[in-house]
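Here is how the chains run, residue by residue.
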Amino acid sequence: MPELAEVSRIVHFIRQHLAGKTLAKVQAQHDDIVFGKVGTSAAEFQQAMQGKKIVGAGQQGKYFWITMSSPPHAVMHFGMAGWLKIKDQDTYYYRSDKPADKEWPPKYWKFLLETSDEPKTEAAFVDPRRLSRVRLVDCPADDIRNHTPLKENGPDPVADKDQMTESWMIEKLKSKRVPIKALLLDQANISGIGNWMGDEILYHAKIHPEQYSNTLSDDQIKTLHSSISYVCSTALEVLADSEKFPEHWLFKHRWGKGKKNQPAVLPNGDKITFVTVGGRTSAVVPAVQKKTGSVTKDIDESANGASNSKRKRTVKQESDSEAEEKPKAKGRVSKKSNSAVKNEDEDQKPSETSVGRRRSTRSSK
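Rules behind the numbers
Residues numbered from 1 in each chain as written. Predicted model: local features only at pLDDT ≥ 70, side-chain atom pairs only at ≥ 80, totals over all residues. Heavy atoms only, no water. Helix = DSSP H or I, 4+ residues; strand = E, 2+ residues; numbered from the N terminus. Buried < 20%, exposed > 50% of the residue type's maximum accessible area, 1.4 Å probe, protein only. Contact = heavy atoms within 4.5 Å. Areas by Shrake-Rupley, 256 points an atom, 1.4 Å probe, with all protein chains shown as cover. Pairing = 2+ DSSP bridges. Axes fitted to C-alpha atoms, helices over the stretch in contact; angles between N-to-C directions. Expected span 1.5 Å × (residues − 1). pLDDT = per-residue confidence, 0-100. Phe/Tyr/Trp six-rings, centres within 6.5 Å; stacked < 30°, edge-to-face > 60°. Lys NZ or Arg CZ within 6 Å of the ring centre and 35° of its normal. Parallel < 35°, antiparallel > 145°, perpendicular 65-115°, else oblique. Left-handed = near helix turned anticlockwise from the far one by under 90°. Nonpolar A, V, L, I, M, F, W, Y, C, P; charged D, E, K, R; others polar. Core = buried A, V, L, I, M, F, W, Y, C linked by side-chain atoms within 4.5 Å.

1. Brief notes about the overall build of the chain
For step 1, the next point in the chain: For the chain, the helix and strand inventory stands at nine helices and 10 strands.
For step 2, the next point in the chain: Counting the 365 residues in the chain, one finds 55% classified as buried.
For step 3, the next point in the chain: Looking at the chain alone, contacts between residues at least 24 apart form 67% of all its contacts between residues at least 6 apart.
For step 4, the next point in the chain: For the chain, the accessible surface area stands at approximately 15900 Å², while carbon and sulfur atoms represent 47% of it.

Set out below in structure tokens:
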């Protein structure tokens, strides 16, 4: 699923190619899930956008929006496989040098935009899996973040640095008893961190993903805060172009999982292992990420000889942890088993996700 950095890239392209232009033509195909699940219809979307000028674009974590010359405005997220294609521009899922992408409109489009200027700019929101959401928010542009779904989500690590202070992080983590990886993935806590970014952050912070958040020391949380800032800002600076990520990043070396004769190791020889936290596969470097406090497995083992009542409390702790991990924003994903979500999301190889696609870097300029 496109995370903070990948969404920032498409916001960059909207500002570069669509902002300041009037929409001469808007087409939308109704989808009871993509539009309907969040109370919008294709006809309403088309009418709201037609003939208006695109003023700009913004982002909070995995959500982004297109601001128009007058309300309402379009607020969206990509789900697991959605993307906004801009014709003749390399934006991950659209490659101008790829024959299949010469087809226009592209397959699985949900709405099409065409500007009035010459040469005109054409864009298409596509989603083959129908896990994305497109809605209209009727409010002044500056007030979008005070409305659903954004108001239910946590602060953005880049846009809201003034809010996400070290003291804020300490209070947040101490108030919850969930595996730290699950806490980072919960969009109600922090917006935009997904599976690969969460693993990268914890690796640089030297924190094991299974460790409970409230067992981390203040110094560990301060290091985690610094790691979040570093990973997020670095990824955004290169517009999520994975070829430009630092060579020492975990991301560069984690994709050997399941391949014969290709173990996942770092250049220094440290092995990369994989554990499941909150139903998601996490890449871990045991030589670096030590457990310094209790984790779910430790509690399970201590409960073996306990009474039935103690066992019930342990099960409840695990259930609470899983509940914390689930995104609380409405209309984000369809109901699927954890294993299905894991296989569909960021645990895939780079070639199967937007961030890892090999691409030219011309479009980053």
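2. Quick notes on helix α3 (residues 166–174)
For step 1, the next point in the chain: Here α3 has its buried residues at W168, M169, I170 and L173.
For step 2, the next point in the chain: The elements touched by buried residues of α3 are α4 (180–185) and α6 (218–237).

3. Thoughts on the sheet that holds strand β4 (residues 73–77)
For step 1, the next point in the chain: Read across the open sheet, the four strands follow the order β2-β3-β4-β8; overall the sheet is antiparallel. Each edge of the open sheet is held by one strand with a lone partner, namely β2 (54–60) and β8 (133–137). When strand polarity is set aside, the average angle formed by the axes of neighbouring strands in this sheet is 20°.
For step 2, the next point in the chain: The strands touched by helix α1 (residues 4–17) are β2 and β3 (63–68); relative to β2, the strand with the most contacts, the crossing angle is about 170°.
For step 3, the next point in the chain: On top of the sheet, helix α2 (residues 42–49) reaches β3, β4 and β8; it is set at about 55° to β8, its chief contact.

4. Digging into α6
For step 1, the next point in the chain: Helix length check: α6 (20 residues) gives 29 Å between terminal C-alpha atoms against 28 Å at 1.5 Å per residue, within 8%.
For step 2, the next point in the chain: Within α6, the full set of buried residues consists of Q220, I221, L224, H225, S227, I228, V231, C232, S233, T234, A235 and L236.
For step 3, the next point in the chain: Taken together, the buried residues of α6 touch α1, α3, α4 and α5 (195–205).
For step 4, the next point in the chain: Just downstream of α6, L239 is the residue with a positive phi angle, here 55°.

5. Some remarks on the confidence of the model for the chain
For step 1, the next point in the chain: Residues of the chain with pLDDT of at least 70 account for 78%, and the chain-wide mean is 84.
For step 2, the next point in the chain: Confidence drops under pLDDT 50 across residues 299–365; counting only partners more than four residues distant or on other chains, this segment forms 131 contacts.

6. Observations concerning the packing of aromatic side chains
For step 1, the next point in the chain: This structure, assessed with the given rule, holds 12 aromatic pairs.
For step 2, the next point in the chain: Ring geometry for F111 against F125: centres 5.2 Å apart, planes inclined by 25°, an arrangement best described as stacked. Note that F111 is positioned in strand β6 (residues 109–115) and F125 in strand β7 (residues 122–126), a separation of 14 residues in sequence.
For step 3, the next point in the chain: Within the aromatic cluster, the residues linked to one another by ring pairs are F35, F45, F64, F78, W83, F111 and F125.
For step 4, the next point in the chain: Above the plane of the ring of Y212 lies R177, whose end atom (NZ or CZ) is 4.4 Å from the centre.
For step 5, the next point in the chain: Positioned above the aromatic ring of W255 is the side chain of R254, whose terminal nitrogen or guanidinium carbon lies 5.0 Å from the ring centre.

7. Notes on the side chain of Q220
For step 1, the next point in the chain: Turning to its location among the elements, Q220 is positioned in helix α6.
For step 2, the next point in the chain: With residues up to four places along the chain from it excluded, the contact list for Q220 reads I207, Q211, T215 and T292.

8. A closer look at the sheet that holds β6
Across a sheet, paired strands are connected by hydrogen bonds in the backbone, their directions being either parallel or antiparallel.
For step 1, the next point in the chain: Pairing is antiparallel across the open sheet formed by four strands, whose spatial order is β1-β6-β7-β5. A strand with exactly one partner marks an edge of an open sheet, and here the two such strands are β1 (23–28) and β5 (83–86). With direction set aside, neighbouring strand axes in the sheet form an average angle of 15°.
For step 2, the next point in the chain: Of the pairings in the sheet, the one linking β5 to β7 comprises four bridges and is antiparallel in character. Opposite L84, over in β7, you have F125 as the bridge partner.
For step 3, the next point in the chain: This element, α2, spans β1 and β6 of the sheet and lies at about 175° to β1.

9. What about the pairing of β7?
For step 1, the next point in the chain: Counting buried residues along β7, five of its five residues qualify, which places the element largely inside the surrounding structure.
For step 2, the next point in the chain: Across the two faces of β7 the burial is the same, with E122, A124 and V126 and A123 and F125 all buried.
For step 3, the next point in the chain: Relative to β7, β6 runs antiparallel, the two being bridged by five bridges. When the bridges of β7 are listed, L113 appears paired with A123.

10. Quick word on the packing of α5 against α6
For step 1, the next point in the chain: It is the contact of α5 with α6, at a shortest axis distance of 8 Å, that shows an interaxial angle of 130°. By the angle between their axes, α5 is oblique relative to α6. Taken as a pair, α5 and α6 cross one another with a handedness that is right-handed. Residues W196, M197, E200, I201, L202, H204 and A205 of α5 form the contact with α6, whose participating residues are T223, L224, S227, I228, Y230, V231, C232 and A235.
For step 2, the next point in the chain: A per-class count over the contact of α5 with α6 returns 11 nonpolar, three polar and one charged.

11. Digging into the nonpolar core
Soluble globular proteins tend to bury their nonpolar side chains together.
For step 1, the next point in the chain: Core analysis: the largest hydrophobic core is formed by 68 residues, its most contacted members being F45, F64, F111, M169, L224 and I228.
For step 2, the next point in the chain: Dropping the residues within four chain positions of it, F64 is found in contact with V7, I10, V11, I14, G58, Q59, A74, V75, M76, F78 and F125.

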